[in-house]
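# Summary of structural features
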Amino acid sequence: MSGILYGVGVGPGDPELMTLKAVRLIRENEVIALPGSEAKDTVAYKIAVQAVPELEHKTLLSVAMPMIRDREEMERSHQAAADQVEACLKQGQNVVFLTLGDSTIYSTFLYVQKRIADRGYQTELVNGIPSFCAAAARANISLAEWNEPLHIIPAAHRLSQSLGQDGNYILMKSGSKMNQVKELLRTSGKHVVMVENCGMPNEHVYYGTEEIPDDAGYYSLIIAR
């Protein structure tokens, strides 16, 4: 019998926001994969180990997933990651791959899942609390009410797109081009709140584009209403 690959969302940063199912799967399985060259240095590990201390004694699989734009290099790294996971599945071991936020939203796990599924193995997605839901709760605001549409945009890749459609916006992946993202927000006329490192010890909440620093970190999420 081959093992099963689970993609498990650990939420945005606060270990208390991990689901009971995520905790159970970590406890019940030996091989835990984490996206990074050093498993214990990854953000996902640092979140999960607070909720599941026994994670420290599991077999940790460090899966390098470099953030690069070279398509050929990306393909090689994703294939190598799938090879690592497949080696465990072949031995009948389940692999629990931890990923930030929710496993279905811009998740690094999805690159591995597609390749493993194509090789004939069983995979399962396990939801976690999405970062934008946690950020809205932290800012004490709603994301959408009554009949309001909600748009989710990977902002750094959509800088030419205006925010002119009806409804509210979530801007993810903003950190690397924050200057341009801020200009996009200014021209939109919308009310803006940004949560950086939501649920983590170094969390910051910014209200309005003028408060948002140009050097905001990778884990910066903007809500424009």
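Just so you know, these numbers come straight off a predicted model, no measurement behind them.

## A few points about the pattern of salt bridges
Between side chains of opposite charge, a pair can form as their charged atoms come close. Tallying each qualifying case throughout the model produces 11 salt bridges. The shortest N-O distance in the salt bridge between Glu28 and Arg24 comes to 3.0 Å. Of this pair, Glu28 and Arg24 are both found in helix H1 (residues 20-28), 4 residues apart, which corresponds to roughly one turn of the helix. Its relative accessible area of 53% is what places Glu28 among the exposed residues. A relative accessible area of 38% means that Arg24 is categorised as partly exposed. The structure contains a network of salt bridges with shared partners spanning Asp83, Glu86 and Arg119.

## Concerning the sheet that holds strand S3 (residues 59-63)
As summarised here, the arrangement of the 5 strands in space is S3-S2-S4-S1-S5, forming an open sheet in which the pairing is parallel. A single partner strand is all that each edge strand has here, and the edge strands are S3 and strand S5 (123-126). Taking each pair of neighbouring strands and ignoring which way they run, the sheet shows an average axis angle of 25 degrees. Pairing of strand S1 (residues 5-9) with S5 involves 4 bridges; the strand directions are parallel. Looking across to S5, one finds that Gly7 is bridged to Leu125. The strands touched by helix H3 (residues 71-90) are S1, strand S2 (31-35), S3 and strand S4 (95-99); relative to S3, the strand with the most contacts, the crossing angle is about 155 degrees. Across the face of the sheet, helix H4 (residues 109-118) comes into contact with S1, S4 and S5 while running at roughly 155 degrees to S5.

## What to know about the side chain of Asn29
When you line up the elements, Asn29 lands in the loop between H1 and S2. Classification of Asn29 by relative accessible area gives buried; the value is 9%. In terms of polar contacts, Asn29 uses its side chain to reach the side chain of Asn94, at 3.0 Å. Apart from the residues lying within four places of it in its own chain, the contact partners of Asn29 are Lys58, Asn94 and Val96.

## Quick word on the sheet that holds strand S6 (residues 150-154)
Judged by pairing direction, the sheet is mixed, and its 5 strands sit side by side in the order S6-S7-S10-S8-S9 without closing on themselves. Where the open sheet ends on each side, the last strands, each with one partner, are S6 and strand S9 (204-207). Adjacent strand axes in the sheet meet at a mean angle of 15 degrees when their direction is disregarded. With 4 bridges connecting them, strand S8 (residues 192-196) and S9 associate as antiparallel partners. Bridge pairing links Val193 to Tyr207 in S9. Most of the contacts of helix H5 (residues 131-139) go to strand S10 (residues 220-224), to which it runs at about 65 degrees, and overall it touches S6, strand S7 (168-172), S8, S9 and S10. Across the sheet, helix H6 (residues 178-188) lies against S7, S8 and S10, angled at about 10 degrees from S10, the strand it touches most.

## Quick look at unusual backbone geometry
A positive phi angle, close to 50 degrees, is found at Tyr106, a residue other than glycine. Its location among the elements puts Tyr106 in the loop between S4 and H4. According to the relative accessible area criterion, Tyr106 is partly exposed, its value standing at 40%.

## Structural notes on a nonpolar patch on the surface
On the surface, a nonpolar cluster with roughly 350 Å² of combined accessible area is contributed by Met67, Tyr218 and Tyr219. The topology assignment puts Tyr219 in the loop between S9 and S10.

The rules behind each value
- Position numbers for residues count from 1 along each chain, tracking the sequence in the order it is written.
- Note on the predicted model: pLDDT of at least 70 is required for a residue's local features to be given, and 80 or more for side-chain atom pairs to be given and counted; whole-chain, interface and lining totals, by contrast, use all residues.
- Only heavy atoms go into the side-chain values, all of them from the structure, while hydrogens and water stay out.
- Should a side-chain nitrogen of Lys or Arg be within 4 Å of a carboxyl oxygen of Asp or Glu, the pair is scored as a salt bridge.
- Starting at the N terminus, helices and strands are each numbered in turn, a helix being any DSSP run of H or I of at least four residues and a strand any DSSP run of E of at least two.
- Each residue's exposure class comes from its accessible area (1.4 Å probe, protein chains only) as a fraction of the maximum for that residue type: buried when under 20%, exposed when over 50%, partly exposed otherwise.
- Here, any two strands with at least 2 DSSP bridges between them count as paired.
- An axis is simply a line fitted to the C-alpha atoms; with a helix, the fit covers only the stretch in contact. Between two such axes, the angle follows the N-to-C directions and lies from 0 to 180 degrees.
- Working rule for contacts: check all heavy atoms of both residues, and any pair within 4.5 Å makes them a contact.
- Pairs of N or O atoms within 3.5 Å make up the polar contacts considered here, provided that, within protein, one atom can donate a hydrogen while the other can accept it, and that residues adjacent in sequence are counted only when both atoms are side-chain atoms.
- Each patch is built from salt-bridge-free residues with over 30% relative accessible area, joining like charges within 9 Å and nonpolar side chains (Val, Leu, Ile, Met, Phe, Trp, Tyr) within 5 Å.
- Accessible surface is estimated by sampling points in the Shrake-Rupley manner with a 1.4 Å probe; for residues, cover comes only from the protein chains shown.

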